[in-house]
Amino acid sequence: MASKLWATKAASCLRISVFHRGFATVLKDLKYADSHEWVKVEGNSATVGITDHAQDHLGDVVYVELPEVGAAVKQGASFGAVESVKATSDINSPISGKVVEINKELHDSPGLVNASAYENGWIIKVEVNNSNELNSLMDSDQYAKFCEEEDAKH
Amino acid sequence: MRVPRSLEVWKMGVVNYSEALKLQEKLTADRKIHKITDTLLSLQHPPTYTLGKRRTDHNLLVSEPELKAMGAELHYTQRGGDITFHGPHQAVLYPIISLRDVGLGARKYVENLELTMIELASLYGVQACAGQKGETGVWVGERKIGAIGVRISSGITSHGLAFNINPDLNYFKHIVPCGIADKEVTSLQKEAERVVPPEEVIHDQLIACFIRIFGYTDVISKDSASISSYNLEN
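Residues numbered from 1 in each chain as written. Chains lettered and ligands numbered in written order. Predicted model: local features only at pLDDT ≥ 70, side-chain atom pairs only at ≥ 80, totals over all residues. Heavy atoms only, no water.

The name given to chain B in an unreviewed UniProt entry is lipoyl(octanoyl) transferase, with Forsythia ovata as the source organism. In the Sequence similarities (unreviewed entry) part of its UniProt record, chain B is described as follows: "Belongs to the LipB family." Per UniProt, chain B has the following entry under Pathway (unreviewed entry): "Protein modification; protein lipoylation via endogenous pathway; protein N(6)-(lipoyl)lysine from octanoyl-[acyl-carrier-protein]: step 1/2." (UniProt positions renumbered as here; feature names shortened; annotations may be inferred.)

Per an unreviewed UniProt entry, chain A carries the name Glycine cleavage system H protein and comes from Forsythia ovata. As stated in UniProt under Function (unreviewed entry), the record for chain A gives "The H protein shuttles the methylamine group of glycine from the P protein to the T protein." In the Sequence similarities (unreviewed entry) part of its UniProt record, chain A is described as follows: "Belongs to the GcvH family."

1. Considerations on the UniProt feature "modified residue: N6-lipoyllysine" (unreviewed entry) in chain A
Sequence positions flagged by UniProt for "modified residue: N6-lipoyllysine" (unreviewed entry) are, in local numbering, Lys 86 of chain A. Tracing the chain through its elements places Lys 86 of chain A in the loop between strand 8 (78-84) and strand 9 (87-92). Looking at Lys 86 of chain A, the relative accessible area reads 9%, which means it is buried. With near-sequence residues (within four places) excluded, Lys 86 of chain A lies in contact with Gly 80, Gly 81, Asp 82, Thr 136, Lys 144, Ile 148, Gly 149, Val 150 and Cys 178 of chain B. (Helix = DSSP H or I, 4+ residues; strand = E, 2+ residues; numbered from the N terminus. Buried < 20%, exposed > 50% of the residue type's maximum accessible area, 1.4 Å probe, protein only. Contact = heavy atoms within 4.5 Å.)

2. Focus: the confidence of the model for chain A
In this model, chain A carries a mean pLDDT of 88, and residues with pLDDT of at least 70 account for 84%. In this model, residues 17-21 of chain A is a region of pLDDT below 50 whose contacts with residues beyond four sequence positions or in other chains number 15 contacts. (pLDDT = per-residue confidence, 0-100.)

3. Details of the interface of chain A and chain B
Counting from both sides, the interface comprises 22 residues of chain A and, opposite them, 27 residues of chain B. Summing the contributions of chain A and of chain B, the shared interface buries around 2,000 Å²; its carbon and sulfur component is 48%. For the chain A face of the interface with chain B, the top three residues by lost area are Lys 86, Thr 88 and Asp 90 of chain A, together amounting to 33%. Where chain A packs against chain B, one counts four salt bridges. Remark: the boundary between chain A and chain B carries 13 residue pairs in polar contact (both at pLDDT 80 or more). Mapped by element, the contributors of at least two residues to the side of chain A that touches chain B are helix 2 (52-58), strand 6 (61-65), strand 8 and strand 9 of chain A. The greatest single-element share of the side of chain A that touches chain B, amounting to five residues, is contributed by strand 9 of chain A. Its residues assigned to classes, the side of chain A that touches chain B shows five nonpolar, eight polar and nine charged. Pairing geometry for strand 9 of chain A and strand 9 (residues 143-153) of chain B, over three bridges, is parallel. If you follow Thr 88 of chain A over to strand 9 of chain B, its bridge partner there is Arg 151 of chain B. (Buried area = accessible area lost by both parts, 1.4 Å probe. Salt bridge = Lys/Arg side-chain N within 4 Å of Asp/Glu carboxyl O. Polar contact = N/O pair within 3.5 Å; in protein donor to acceptor, adjacent residues only side chain to side chain. Nonpolar A, V, L, I, M, F, W, Y, C, P; charged D, E, K, R; others polar. Pairing = 2+ DSSP bridges.)

Encoded structure:
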């Protein structure tokens, strides 16, 4: 019990919401798509990856298909894919814009997506077209609830 | 209380790989916009080798002309997984289902596909199990009896599983199956103690296992007339 209390206190210091039901972390200050991608916006630059919930449900990622630098991405449209357990899953962009950087580490270390979904496992960086699009995304509390509801379906 | 879940089953006989792929693309698009319900294609292919998104063609041990001379086709696909062979007497299931509607992730979905084949094998006293880490599929000891390769696009699945009823296993000699060297491929007929019933029975049993494991409550079977009319309409 004491360790759970400690965990919750530590979590609020680190600005993490802790699930007591599952183990997926959700970070505050990020925005989330219902296809389980996250986006961190700094000015008109955005970093995109998949969430902890997503990587947990995918299994061990063995391959990441990345777009070319300079490619256009569109909110809700696929820009790449990950492969795990013999399944390729499309990754959709939470925002529209132009790809300015891709995470080349993922070529040799696709497992970073599992090990560090919000940090070293980032996938692309985007120059954002239209920051209004962020309004249609979920905040951390909404996303946490969304995941709980989805997981309760089976 | 169980939520009612509908599935439409299409029993298709032998279908050319490209045709099946085109059909799956149409069905996936329709499923995404909720035009159709979850759909399951049950079929076989003529001799066909396929590669996944990673294009691991170093695991193809013959050239494409040699392959064609054997009467086989080669296809590059967007599914996960390595190289495999499909052919007569191998039961193929392509579920086009919405994972979001049922709250399943890729890992759990693939586990359920493995369980579907494991259950079918057990009907014939064959003890199969899921692969070790990184070896998705269904095994009888060190021998592979069922393969999986899936694509998930906006939460809708396509491609699926292939279960060896009694295919000509020599075709597998021309590839490193699923990229795993030194492991044999086997079939239900090879592993079972008795002669297995006609393939239609096995296909039906495989479908029944799928329905049970995925919890479908309302199942409609589509006959070939309505399958042709779907193709013509779209």
